[in-house]
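The residues making up each chain are set out below.
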Amino acid sequence: MKKVIITCAVTGSVHTPSMSRYLPYKPKDIAEQAIAAAEAGAAILHLHARDPNDGRPTADPEVFLQFLPEIKQATNAIINITTGGSTKMTVDERIAAALRLKPEMASLNMGTMNFSFHPIANKFDWKHDWEKPYVEASEEGIFRNTFKDIRRILLEVGEGCATRFEFECYDVSHLYNLAYFVDAGLIKAPFLIQTVFGIMGGIGADPENVAFMRQTANRLFGRDYHWSVLGAGRSQMSLLTYGAIMGGNVRVGLEDSLFLGRGKLAVSNAEQVLKIRRILEELSYEIATPDEAREMLQLKGSENVAF
């Protein structure tokens, strides 16, 4: 059995500060939680930036620079910068940090989709005036990544910065979009596919869907890829366990779920990393170190980033 790569998505752009007091949004808190997640066993840290004043998502490279160097200095973890940002950002804004900072990895959503979380708009007492309108607006939000957008990101961030990608696939069609770019020669093996389950607008969080996405990826890519599973919300730990048994890697983090278990908020990203690590090790799986993950994914190394 190969070793399992644990990715931790530390803060994201969906959850807002009022949803959990444990969600990091100040640079020092993002750094501290990312470092603790790496110490707990996360080989890859998937990172967004937040406005330090009120926690709203930002794509400003200067904000990324307030926490990335500290994380790099304190850990050997692979730093993975979002090119997704949020549905409110332009493609130029979303790729600005990756172009400037040239990370080992970046995320890349493999298609345009409805991406909504508006049903939770009336479930919280909001601390900041931006939060409720932001959540409500997701009902009409479209996450844009056209074929032209994807090609641009592959060329400018991928080839231009020697950055490899976490290809985020929210539905079966995204796997076929990925296959198009593989066939076009713009994506080289080995690559990491992050299959995402449970986002409103994407494929549902059902074990049958996990199996179907895995079967489809196998049919399209054979042995040329590494597979990972992301379960949003309450489906997080169960789907990750199921995916690991099927040969997958896993992603946890407060971007994907604010909870550790039913009705219990996770107090940190590291707490989620430790839980999935414990589950995997109880099932006799070994956890990949950052350097082992680098070798598996053929990354350029942390000495070749620009931060």
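Definitions and cut-offs
Residues numbered from 1 in each chain as written. Predicted model: local features only at pLDDT ≥ 70, side-chain atom pairs only at ≥ 80, totals over all residues. Heavy atoms only, no water. Salt bridge = Lys/Arg side-chain N within 4 Å of Asp/Glu carboxyl O. Helix = DSSP H or I, 4+ residues; strand = E, 2+ residues; numbered from the N terminus. Buried < 20%, exposed > 50% of the residue type's maximum accessible area, 1.4 Å probe, protein only. Contact = heavy atoms within 4.5 Å. Polar contact = N/O pair within 3.5 Å; in protein donor to acceptor, adjacent residues only side chain to side chain. Pairing = 2+ DSSP bridges. Axes fitted to C-alpha atoms, helices over the stretch in contact; angles between N-to-C directions.

Another aspect to go through is the pattern of salt bridges. Counted by the stated rule, this structure contains 15 salt bridges. Among the ionic pairs, Arg 251 bridges to Glu 168, the shortest N-O distance being 3.0 Å. Note that Arg 251 is positioned in strand β12 (residues 249-252) and Glu 168 in strand β9 (residues 164-169), a separation of 83 residues in sequence. Ionic pairing is found between Glu 255 and Arg 251, a salt bridge with its closest N-O pair at 3.2 Å. With respect to burial, Glu 255 and Arg 251 carry one shared label: buried. Three or more residues are tied together by salt bridges with common partners; here these are Glu 166, Glu 168, Arg 251, Glu 255 and Asp 256.

We now examine helix α9 (residues 236-245). Three or four residues apart is the spacing at which side chains of an α-helix point the same way, because the helix has 3.6 residues per turn. Most of α9 is tucked away: seven of the 10 residues are buried. Looking at α9, one finds that the buried residues are Gln 236, Met 237, Leu 239, Leu 240, Thr 241, Gly 243 and Ala 244. Packing partners of the buried residues in α9 comprise β10 (191-197), α8 (207-221), β11 (225-231), β12, β13 (259-261) and α10 (269-282).

A separate point is the side chain of Ser 138. Considering the arrangement of structural elements, one finds Ser 138 in the loop between α5 (131-137) and β8 (142-143). When its relative accessible area of 3% is taken as the criterion, Ser 138 is described as buried. A polar side-chain atom of Ser 138 sits 2.7 Å from the main-chain carbonyl oxygen of Val 135.

Let us now look at the sheet that holds strand β6 (residues 105-109). Ordered in space as β1-β2-β5-β6-β9-β10-β11-β12, the eight strands form a closed barrel in which the pairing is parallel. Neighbour to neighbour, the strand axes of the sheet diverge by 25 degrees on average, direction disregarded. The pairing of strand β2 (residues 44-47) with strand β5 (residues 78-81) spans four bridges and is classified as parallel. In the sheet register, Leu 45 faces β5, and the bridge partner there is Ile 79.

All quantities given are derived from atomic positions and should not be read as evidence of function.
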